[in-house]
Each structure stands twice: as structure tokens, then as C-alpha cells.
Amino acid sequence: MTRAPAALVPMTVPMLDAVMAIEVRAYPFPWSRGNFVDSIAAGCLTCCLVGHDGVLLGYLVAMAGFEEWHLLNVTVSPDHQGCGLAQRLLRALEDHARASAATWIWLEVRPSNGRARALYARWGFEEVGVRRDYYPDGGGRREDALVLRCPVRGLP
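Cut-offs applied
Residues numbered from 1 in each chain as written. Predicted model: local features only at pLDDT ≥ 70, side-chain atom pairs only at ≥ 80, totals over all residues. Heavy atoms only, no water. Helix = DSSP H or I, 4+ residues; strand = E, 2+ residues; numbered from the N terminus. Buried < 20%, exposed > 50% of the residue type's maximum accessible area, 1.4 Å probe, protein only. Contact = heavy atoms within 4.5 Å. Areas by Shrake-Rupley, 256 points an atom, 1.4 Å probe, with all protein chains shown as cover. Phe/Tyr/Trp six-rings, centres within 6.5 Å; stacked < 30°, edge-to-face > 60°. Lys NZ or Arg CZ within 6 Å of the ring centre and 35° of its normal.

A. Examining the overall build of the protein chain more closely. Scanning the protein chain for helices and strands turns up four helices and seven strands. Going from the N terminus to the C terminus, the protein chain shows its helices and strands as β-α-α-β-β-β-α-β-α-β-β. Sorting the 156 residues of the protein chain into buried and exposed places 40% on the buried side. The contacts of the protein chain with a sequence gap of at least 6 include a subset with a gap of at least 24, amounting to 61%. Split by element, the accessible area of the protein chain, about 8,100 Å² in all, is 54% carbon and sulfur.

B. Structural detail: unusual backbone geometry. Even without being a glycine, Glu 67 presents a positive backbone phi close to 55 degrees. Secondary-structure assignment places Glu 67 in the loop between β3 (56-65) and β4 (68-76). A relative accessible area of 44% means that Glu 67 is categorised as partly exposed. Of note in this structure, Ala 101 is not a glycine but carries a positive phi near 60 degrees. Relative to the helices and strands, Ala 101 is located in the loop between α3 (85-99) and β5 (104-109).

C. How the structure looks around the packing of aromatic side chains. A full pass over the atoms with the stated rule returns four aromatic pairs. With a centroid separation of 5.6 Å and an interplanar angle of 85 degrees, the aromatic rings of Phe 36 and Tyr 59 are classed as edge-to-face. Here Phe 36, found in helix α2 (residues 33-41), pairs with Tyr 59, found in strand β3; they are 23 residues apart in sequence, far enough to count as distant. Across the pair, Tyr 59 and Phe 36 agree in class, each one buried. When the ring of Tyr 120 is compared with that of Phe 125, the centres are 5.5 Å apart and the planes differ by 65 degrees; the resulting orientation is edge-to-face. On the accessibility criterion, Phe 125 (9% relative accessible area) is buried. One aromatic cluster is present, built from ring pairs that chain together Trp 31, Phe 36 and Tyr 59. The ring centre of Trp 104 lies 4.0 Å from the NZ or CZ of Arg 149, which sits over that ring.

Encoded structure:
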């Protein structure tokens, strides 16, 4: 774990080896490298938290919509979880959303991801729907996604 200050920087293609190293450790069904390349190319908000030693600590990908932002991926390295880094990334998204005069931030989350759900609840996200069979869940099964939203304001 680290509590050292981290810099928020734009995600770039040369950073994707480090991003993918975290992604495959953090999730049983990780995003592909192509998902990140496509997000960068599409102009999504793609940012990384980098420690003072140059180590990638976490990252965020979000897409702007009409008066809203959609959080697509927020991940903190398993080695650095529990230090408030996810909150720092969410605050960066909230700052971008407010600057663009967005009204809402939206996301999907697995019902089984209790840690993420607790974080989002602390930030004021509310459940507004379910996407059936949204996520792969091994053995050909699928897991639903909970659809959450939070008004853009001064989040905690």
C-alpha cells in the first residue's frame, strides 16, 4: 500500500502495458488492450494516477454524453487498494463532469462487487435499473449489471 502523493496524468498508449498488468490482476474478466486503445482514440476521459516513483497506481475511463458522463472503468492496483485512490479518481471524473455542465454520472457495476458498490454508495450513487446478463461470469453464464447514477455536485 502507498499513501504517497500521486500525479493524475492522461492515459497514453505507451502506458498500456502497465494498465493491462493491473487490469488482468484486478478482474477475472478484464478489458482488452483494444478497449483501452479505442477509449483513448475516441477521446474518452482516460487518466492515470502515477506515484512519485513512476509506478502506475490506478486509472479511470469515462465517456461524455449529453449533459452526463458514463464511468466505464475505474481500477486501483490490488497492491494499492484501501488508500483512497479510487476516491481521487472519482473526484477527477466529478471535476470533469462539473466543468462540462453535466447533470449526472452513470455507471454499471456487478451486484457481486460489494467493495465497488459500497464506494459508490458513499459517493451518493443510487440504483436506477438493471441490465440483464450484462457481464460474462464464466462457464457461459452471465451476471446482471446494476445501473447507478449520481447527480453532479460537490461529491464528498
